[in-house]
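Survey of secondary and tertiary structure
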Number of protein chains: 2
Amino acid sequence: MNDVASVPDLTGGHADEPKTLAEGAYRQLRRDIIEGLHRPGEKLRVEHLKDQYSVGAGTLREALQLLVTDALVVAQGQRGFRVAPISLDDFEDITRTRVLLETVALQQSIERGDDAWEANVVASFHMLSRAEDKLDDSSKNGHGREEWEQRNRAFHEVLISASPSRWIRHFQNILYLQSERYRRLSLFRQPIPRDVHAEHQAIVDAALARNAPEATRILTDHILRTLEAVRNLPDDLLS
Amino acid sequence: MNDVASVPDLTGGHADEPKTLAEGAYRQLRRDIIEGLHRPGEKLRVEHLKDQYSVGAGTLREALQLLVTDALVVAQGQRGFRVAPISLDDFEDITRTRVLLETVALQQSIERGDDAWEANVVASFHMLSRAEDKLDDSSKNGHGREEWEQRNRAFHEVLISASPSRWIRHFQNILYLQSERYRRLSLFRQPIPRDVHAEHQAIVDAALARNAPEATRILTDHILRTLEAVRNLPDDLLS
DNA sequence: GTCAATGTTTTTCTCGAGATTTTTATCCAA
DNA sequence: TTGGATAAAAATCTCGAGAAAAACATTGAC
């Protein structure tokens, strides 16, 4: 087996290059949808997109099918594909379900995490902090924000990585991807507030102190805060 | 609009015919995998299967991709598709996650369900009871068991149908499909025990009495019982 | 006898064209 | 002007063949 040391990658999950054209198109499309380049509800015509992403029709079709797995694209019978619509209700559902799963997983992680898990938590938190510094210093360029997104995701992933439930982690991955789409809307208006760093720090402290109730409480507040930010957005952004 | 009365289908969810060849192959393949016709871990070669399911190579490929969504098939980079392996650990994970999601959803359902929900619960329970009768009377023929599976699934689906969380219901669907695969193993050895009907009856009673703690307790025991049955199976069945 | 390298065979992946189905546009009658 | 039916257009869905990769078998050297 090749997971000898079980050292998770801190690169954000996109370490290995796509081994197939379809997977490459899938990743490109996924980022474009999350970034809002393809608007929610928009029709995704294979004939047009195949040129844009430089693949054949069948290959692009396969990429779209993969996106259906992530629920970022919906397929309707004999009527093609469409970007999954968004709504405040949907984000509320995503957030509450995410809180449910992520708190349980964090609890298990705090119970069972070993030294390596603690080290990974500290390391990914450090990576995230550095990305935050870069965001403050330089202007809000696109690459910096993307890097922050990757490291924020890695941080949350590492936090629950010691949970024994692969299914909870799997569902959490899907939900995180979904919420990324909504968070992008709120970040577009207001930059990352300063206290986010403090919240992350508090989660790390409580987790390392093996204080599960405190850690899950802070994590819950932390996730719910993004919901509030989206609630305060102008309605027309949730087209 | 055509959902005037919001009457859910009690046919087990496979009411509408497949509108595309790919979807047809997908459903056939899904049943064959759940039924164990394709063994866990088995390699699924497109060239062989395309004749067996009477579709083109690209179409079968698409069907396999859909199965990846349900986690019944795993795709490995440039090395084709494979039936998802099974293990006792996996089933334990599936069961515990299912308990977590289904109890929350049932609680919400009991809180918010209206008259129509109550009627659907009673109706689907009746359908399930009839299927149980047929199972007892006639021999354990294949069709009867399949019908029971469909109605059992419909029953559990209706129970949580009043939950407002589409995401929990979505995840529950996936997990139910997974557990069906394992349940088939235990049913193969021992027929459905008699007290399953009593358990279902107790859940219905508690749900209609709006006794959420009691209903979730029984539901939890009910789901965990299948885990015990699988635990007592000979090890070699979990190949 | 073991191991590495090479060549063959199988399988997957990709593409473009044809067959169906859906969507849009046009026309005619009420 | 509105409504429905017919015809044209566009898009989806499907298929089989060719290119790329992986798995397998054979051979040869140490």
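The coordinates are above.
We now turn to the structure provided with this report.

Turning our eyes to something else, we now look at the relation of the copies chain B and chain A. The two copies are related by a screw operation: chain B maps onto chain A through 180° of rotation and 0.0 Å of translation along the axis, at an RMSD of 0.1 Å. With respect to symmetry, the two chain copies, as superposed, fit the operation of a two-fold axis. When each C-alpha of chain B is compared by its distance to the rotation axis, Thr69(B) comes out closest, at 2.5 Å. When the interface residues of chain B are mapped onto chain A, 100% of them are again interface residues, pointing to one common binding face.

All names here are of chain B. Across the sheet, which stays open at both edges, the 3 strands sit in the order β1-β3-β2 with antiparallel pairing between neighbours. Of all strands in the sheet, those bounded by a partner on one side alone are β1 (43-44) and β2 (73-75). Where β2 meets strand β3 (residues 81-83), 3 bridges bridge the pair, whose relative direction is antiparallel. Bridge pairing in β3 places alanine 75 opposite phenylalanine 81.

In the vicinity of DNA strand D, 19 residues are found, and the nearest of them are Arg61(A), Gly77(A), Gln78(A), Leu21(B) and Gly56(B). Each atom of DNA strand D within 4 Å of the protein was classed as base or backbone; sugar and phosphate made up 95%. In the model, a phosphate oxygen of DNA strand D is placed 2.7 Å from a nitrogen or oxygen of the Gly56(B) main chain. Elements supplying a minimum of two residues to the surface near DNA strand D: β1 (43-44) and α2 (46-52) of chain A together with α1 (21-34) of chain B.

With that settled, the discussion passes to the protein's contact with DNA strand C. Taken together, 19 residues lie near DNA strand C, and Leu21(A), Gly56(A), Arg79(A), Arg61(B) and Gln78(B) sit nearest. Counted by atom, the contact set of DNA strand C within 4 Å of the protein is 95% sugar and phosphate. The contact in question runs from a phosphate oxygen of DNA strand C to an N or O atom on the side chain of Thr20(A), over 2.9 Å. In this structure, a phosphate oxygen belonging to DNA strand C sits 2.5 Å away from a main-chain N or O atom of Leu21(A). At the level of secondary structure, the elements contributing two or more residues to the surface near DNA strand C comprise α1 (21-34) of chain A together with β1 and α2 (46-52) of chain B.

Let's shift gears to the packing of aromatic side chains. Residues and elements named next belong to chain B. Across all of its chains, the model carries 7 aromatic pairs over all chains by this definition. Ring centres of phenylalanine 91 and tyrosine 182 lie 4.6 Å apart, and the angle between their planes is 25°; this geometry places the pair in the stacked category. Of this pair, phenylalanine 91 sits in helix α4 (residues 88-112) while tyrosine 182 sits in helix α7 (residues 166-189), and the two are 91 residues apart along the sequence. According to the relative accessible area criterion, phenylalanine 91 is buried, its value standing at 2%. Geometrically, the ring pair formed by phenylalanine 125 and phenylalanine 155 is tilted, given 6.0 Å between the ring centres and 45° between the ring planes. Of this pair, phenylalanine 125 sits in helix α5 (residues 115-137) while phenylalanine 155 sits in helix α6 (residues 142-159), and the two are 30 residues apart along the sequence.

Each side of the interface is counted separately: chain B has 24 residues, and chain A has 24 residues. Across the interface of chain B and chain A, roughly 2300 Å² is buried in total on both sides, 62% from carbon and sulfur atoms. Taken as a group, Gln65(B), Trp167(B) and Phe171(B) account for 28% of the area that chain B buries against chain A, more than any other trio of residues on that side. Seen at the junction of chain B and chain A, the total is 4 salt bridges. Arg61(A) is the salt-bridge partner of Glu62(B), the closest N and O atoms lying 2.9 Å from each other. In this structure, the connection of chain B to chain A is made through 17 residue pairs in polar contact (both at pLDDT 80 or more). For the side of chain B that touches chain A, the elements supplying multiple residues, two or more each, are α3 (57-69), α4 and α7 of chain B. The residue inventory of the side of chain B that touches chain A, partitioned by class, reads 12 nonpolar, 6 polar and 6 charged.

Thresholds, definitions, all that
Residues numbered from 1 in each chain as written. Chains lettered and ligands numbered in written order. Predicted model: local features only at pLDDT ≥ 70, side-chain atom pairs only at ≥ 80, totals over all residues. Heavy atoms only, no water. Least-squares fit on C-alpha atoms with pLDDT ≥ 70 in both. Contact = heavy atoms within 4.5 Å. Pairing = 2+ DSSP bridges. Helix = DSSP H or I, 4+ residues; strand = E, 2+ residues; numbered from the N terminus. Near = heavy atom within 4 Å. Polar contact = N/O pair within 3.5 Å; in protein donor to acceptor, adjacent residues only side chain to side chain. Phe/Tyr/Trp six-rings, centres within 6.5 Å; stacked < 30°, edge-to-face > 60°. Buried < 20%, exposed > 50% of the residue type's maximum accessible area, 1.4 Å probe, protein only. Buried area = accessible area lost by both parts, 1.4 Å probe. Salt bridge = Lys/Arg side-chain N within 4 Å of Asp/Glu carboxyl O. Nonpolar A, V, L, I, M, F, W, Y, C, P; charged D, E, K, R; others polar.

That's the geometry; what it means functionally is another story.
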